[in-house]
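Structure at a glance
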Amino acid sequence: MALVEVKVPDIGDFDEVAVIELLVKVGDTVKAEQSLITVESDKASMEIPSSTAGVVKELKVALGDKVKEGSLVVVLEAQGAAAPAAAAPAAPAVSAAAASSAAPTPAPVASAAPVAAATGSIEIHVPDIGDFKDVAVIEVFVKPGDAIKVEQSLITVESDKASMEIPSSAAGVLKELKVKVGDTVNIGDLLAVLEGAVAATAAASTAVASSAAASVATSAPSAANLVAPSASASAPSAVAAVATPAHAPGSAPVGLPHASPSVRKFARELGVPLDEVKGNGPKGRITQDDVQAFTKAVMSGAAQTKAQAAKAPAGAADGAGLGLIPWPKVDFAKFGPIERKEMGRIKKISGANLLRNAVMIPAVTNHDDADITDLEAFRVSTNKENEKSGVKVTMLAFLIKACVAALKKYPEFNSSLDGDALVYKNYWHIGFAADTPNGLMVPVIRDCDKKGVLQISQEMSELAKKARDGKLGPAEMSGATFTISSLGGIGGKYFTPIINAPEVAILGVCKSTMEPVWDGKQFVPRLMLPLSLTWDHRVIDGAAAARFNAFLGQILSDFRRLLL
Ligand code: CAO
């Protein structure tokens, strides 16, 4: 079997274009005219086809490589009847060169001058786009009133194998746009009318190839040259030599992202993996909005790229990253009626954070009770005295003050891990979990060491309201050094709260109840508050956690200790 080199054919005026997709790999069997790679300039993308059938022995280009006419793309082992003349090494390049030298160079045709109408308006027409017929308009970049520069892209058109941007041949203000997304256009179709336009280039008027071209091909379309090249040796005319997209119908690889060159470029600049973006354009085409939405979702943590998911096992929803068996997939509808509802944004974000924290922190929870009989009496009388002020004090405000005292006494609870070091914070900002219609949020009260219980109560009620109204800003949810999650207003006995990383501990509080407590002589009724302290065992030891809880209990049972 003969080895055949397949090279980049005549691609018009382009010196170098980047390889953006490899459509085959070593060992693949390819048909004649099957696309091998996609190349792209800043204005168009095109697929480079194979000149012959065969098995790919060597792939001579990599993603990101720059190629030009004559660059070696693959070495094939030619198959059967496909090995003849066309399959001879370098045949495609030779053929293409012959075709191109036999034809007028495309650039002059392409840079035909705009036609100035009597009114001073300039009509912009679809330039010579070779053999393409009825190409669809997939993007419109401009709108009436826009100031247009020479060579600025007006629209993107697309055939089944190539997409190209059609630039303006003149500068001016866009008066009328004659096409819209979904229209099909052909050479000579009127695209736009500019006003107050300036002639395109000095060379333009000398470059008109014929009177026919002058009347229709009014733009200066690098686009015409960017259309996929002909690999055929028999290109009969200038048009065919420049613009024949040589691809076998149906040979397009399945699953490639469907996007225009400018969207691909935009995605590359942002580092967005285009094949992971869902296209919402016509026929599933990926638009710039889709790329932007994907970027926002990844930045906010609501979505992950595949690369991120592979690197961050804690976020891997199927457990694969942890080496766990996959999440069970059950067709619930088999067992009864169901309703599927997408989770809200906040739930998705907090879910991803909770999962990471639960998986990555070796957390232990200590449960304890604090006698708050006297404190509750004080709280009730304080609220009576302050009835008119409108500020209601709940147990949580006292707990915040008590926790600050405990955090000062046991500073590792107010620290964060940074590699092998502990960062001790000399500020005491306390987060509190707030149940909102959109999900769990954690507003932060700053500098609780400097604030009294009344001020803390007031700030807490304002922040909780903002959280429920969905009006909390990022600054109001950041910087906490310790968090309290209180279910006291709801019920329950104990629970195991999840640490809010990078904090190292969290206090869970449940509903206080009257209980019989042995005072050494007898059982007495005392109001007992259930406390659940979860701590990061990398930073805190069990003994320290027990001491923290005991100290907290002492303060809550006699708040005067805070003065000591
Ligand atoms: N024991 C008994 N009663 C308690 C109590 C406790 N530990 N804590 C509060 N209460 C009482 C209050 O005194 C108040 O009673 P009155 O209405 O008779 O005055 C009532 O419960 C409601 O209190 P509250 O919930 O409005 O106020 P709060 O300061 O205790 O809590 C807030 C505020 C925002 C933390 C709370 O509303 C909330 O959202 N809690 C849920 C937190 C959560 O979801 N945690 C779970 C996180 S893990 O998923």
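Everything here concerns the structure above.
Residues numbered from 1 in each chain as written. Predicted model: local features only at pLDDT ≥ 70, side-chain atom pairs only at ≥ 80, totals over all residues. Heavy atoms only, no water.

**What to know about the overall build of the protein**
Using the following cut-off: We count a stretch as a helix when DSSP gives it H or I for four or more residues in a row; a strand needs E for two or more, and each element gets its number in order from the N terminus. Per-residue accessibility, obtained with a 1.4 Å probe over protein chains only, is compared with the maximum for each type, and a residue is labelled buried under 20%, exposed over 50%, and partly exposed between these values. By definition in these notes, contact holds between two residues if any of their heavy atoms fall within 4.5 Å. A 1.4 Å probe and the Shrake-Rupley method give the accessible areas. Residues count as covered only by the protein chains that appear here.
Per the secondary structure count, the protein includes 13 helices and 28 strands. Across the 564 residues of the protein, 46% fall into the buried class. Across the protein, every contact between residues at least 6 apart in sequence was considered, and the portion connecting residues at least 24 apart equals 64%. Of the roughly 27,700 Å² of accessible surface on the protein, 57% is carried by carbon and sulfur atoms.

**Overview of the pairing of strand S8 (residues 72–78)**
Applicable threshold: Any two strands with at least two DSSP-identified bridges between them are counted as paired.
Of all seven residues in S8, five are buried, a share of seventy percent or more. Judged from the five bridges that link them, strand S6 (residues 54–59) and S8 form a sheet pairing that is antiparallel. From the neighbouring strand, Gly 54 faces S8, where its bridge partner is Ala 78.

**A word on the site of the ligand**
So the rule is basically this: Note on definitions. A residue lies near a molecule or strand when any single heavy atom of the residue is within 4 Å of it. Counting of polar contacts relies on pairs of N or O atoms within 3.5 Å, with two restrictions inside protein: one atom must be capable of donating a hydrogen and the other of accepting it, and residues adjacent in sequence are counted only when both atoms are side-chain atoms. Residues are grouped as follows: nonpolar covers Ala, Val, Leu, Ile, Met, Phe, Trp, Tyr, Cys and Pro; charged covers Asp, Glu, Lys and Arg; every other residue, Gly included, is treated as polar.
Taken together, 21 residues form the shell around the ligand, and within it Lys 392, Thr 394, Asp 435, Arg 468 and Ser 512 come nearest. A distance of 2.6 Å separates an oxygen atom of the ligand from a polar atom in the side chain of Lys 392. In the model, a nitrogen atom of the ligand is placed 2.9 Å from a nitrogen or oxygen of the Ser 485 side chain. Counting only elements with at least two residues in the shell around the ligand, the list comes to strand S22 (434–436), helix H12 (453–468) and strand S25 (482–486). No other element matches H12, which puts three residues into the shell around the ligand. Partitioned by chemical class, the residues of the shell around the ligand number ten nonpolar, six polar and five charged.

**Digging into the sheet that holds S6**
Either a parallel or an antiparallel arrangement is found when strands of a sheet pair, and the pairing is made through backbone hydrogen bonds. Ordered by their spatial adjacency, four strands build an open sheet running S1-S8-S6-S3, and the pairing between neighbours is antiparallel. The two strands at the open ends of the sheet, each matched to only one other strand, are strand S1 (3–7) and strand S3 (29–30).

**So, helix H13 (residues 542–557)**
Heads up, the condition is: The span one expects for a helix is its residue count, reduced by one, times 1.5 Å.
Helix length check: H13, at 16 residues, gives a terminal C-alpha distance of 22 Å against a target of 22 Å (1.5 Å per residue), a fit within 8%. Those residues of H13 that fall on the buried side of the exposure criterion are Ala 544, Ala 545, Phe 548, Asn 549, Phe 551, Leu 552, Gly 553, Ile 555 and Leu 556. Where H13 is buried, its residues contact strand S18 (363–371), helix H10 (373–385), helix H11 (395–409), S25, strand S26 (505–509) and strand S28 (523–536).

**Overview of a nonpolar patch on the surface**
Here is the rule we go by: Here a patch means residues that are over 30% exposed by relative accessible area and free of salt bridges, tied together within 9 Å if like-charged and within 5 Å if nonpolar (Val, Leu, Ile, Met, Phe, Trp, Tyr). Definition used for salt bridges: Asp or Glu carboxyl oxygen within 4 Å of a side-chain nitrogen of Lys or Arg.
Together, Leu 322, Leu 324, Leu 355, Val 359 and Met 360 line one region of the surface with nonpolar side chains, adding up to about 440 Å² of accessible area. For Val 359, the location among the structural elements is in helix H9 (residues 345–360). Assessed through its relative accessible area of 38%, Val 359 is described here as partly exposed.

**What to know about the environment of Phe 495**
Residue position: Phe 495 is located in the loop between S25 and S26. Sequence-wise, Phe 495 and Ser 532 are 37 residues apart; in three dimensions their C-alpha atoms are separated by 6.3 Å. Not counting residues up to four positions away in its chain, the partners in contact with Phe 495 are Thr 365, His 367, Ser 485, Leu 487, Gly 508, Val 509, Cys 510 and Ser 532.

**Regarding the pattern of salt bridges**
By the definition in use, this model includes 19 salt bridges. For Asp 28, the salt bridge is made with Lys 25, and the minimal N-O distance between the two is 3.1 Å. Three or more residues are tied together by salt bridges with common partners; here these are Asp 371, Asp 374 and Arg 526.

**Quick look at the nonpolar core**
Note the threshold: By convention a nonpolar core is built from buried Ala, Val, Leu, Ile, Met, Phe, Trp, Tyr and Cys residues, the set being connected through side-chain atoms within 4.5 Å.
Counting 54 residues, the largest nonpolar core has Leu 399, Phe 413, Phe 482, Ile 484, Leu 507 and Leu 556 as its most contacted members. Taken together, the elements giving at least two residues each to this core come down to H11, strand S21 (430–432), H12, S25, S26, S28 and H13. With twelve residues, H11 is the largest single contributor of residues to this core. Once you skip the residues sitting within four places of it in the chain, Phe 482 turns out to touch Cys 403, Leu 407, Phe 413, His 429, Ile 430, Gly 431, Glu 503, Ala 505, Ile 506, Leu 507, Leu 533 and Phe 548. Ranked by size, the runner-up nonpolar core spans 23 residues in total, among them Ile 129, Phe 132, Val 135 and Ile 155.

**Some thoughts on the sheet that holds strand S4 (residues 35–40)**
Keep this limit in mind: Helix axes use the C-alpha atoms of the stretch in contact, all axes being lines fitted to C-alpha atoms, and the angles between their N-to-C directions lie in the range 0 to 180 degrees.
Strand order in the open sheet formed by eight strands is S7-S2-S4-S5-S14-S13-S11-S16, with antiparallel pairing between adjacent strands. Whereas interior strands pair on both sides, the edge strands pair on one side only; in this sheet they are strand S7 (66–67) and strand S16 (184–185). Where S4 lies against strand S5 (residues 44–49), five bridges are found, and the strand directions are antiparallel. Paired with Val 39 across the two strands is Met 46, which belongs to S5. Strand contacts of helix H6 (residues 261–270): strand S2 (17–22), S4, S5, strand S11 (135–140), strand S13 (153–158) and strand S14 (163–167), with the helix running at about 75° to S4, the strand carrying the most contacts.

**So, the packing of H11 against H13**
To characterise two packed helices, one gives the angle between the axes of the helices and the distance between these axes. The cut-off we apply is this: An angle below 35 degrees is read as roughly parallel, one above 145 as roughly antiparallel, one from 65 to 115 as roughly perpendicular, and any other as oblique. Should the near helix be turned counterclockwise from the far one by less than a right angle, the crossing is left-handed, whereas a clockwise turn marks it as right-handed.
At a closest axis distance of 9 Å, the pairing of H11 and H13 adopts a crossing angle of 135°. By the angle class used here, H11 and H13 are oblique. The way H11 lies across H13 gives a crossing that is right-handed. Along the contact surface, H11 presents Leu 399, Ala 402, Cys 403, Ala 405, Ala 406, Leu 407 and Lys 409, while H13 presents Phe 548, Phe 551, Leu 552, Ile 555 and Leu 556. Within the contact of H11 with H13, the residues separate by chemical class into eleven nonpolar, no polar and one charged.

**Here's the deal with the packing of aromatic side chains**
What counts, and what does not: Stacked, tilted and edge-to-face are the three classes applied to pairs of Phe, Tyr and Trp rings, where Trp contributes its six-membered ring and a pair requires centres within 6.5 Å; stacked means planes under 30 degrees apart, edge-to-face means over 60, and tilted covers the rest.
Here the structure, examined in full by the defined rule, presents eight aromatic pairs. Centroid distance Phe 378 to Phe 398: 6.0 Å. Interplanar angle 65°. Geometry classified as edge-to-face. Of this pair, Phe 378 sits in helix H10 while Phe 398 sits in helix H11; the two residues are 20 residues apart in sequence, bridging distant segments of the chain. Judged by its relative accessible area of 47%, Phe 378 falls in the partly exposed class. Judged by its relative accessible area of 2%, Phe 398 is buried. On the basis of an interplanar angle of 75° and a centroid distance of 6.4 Å, the ring pair of Tyr 410 and Phe 413 is categorised as edge-to-face.

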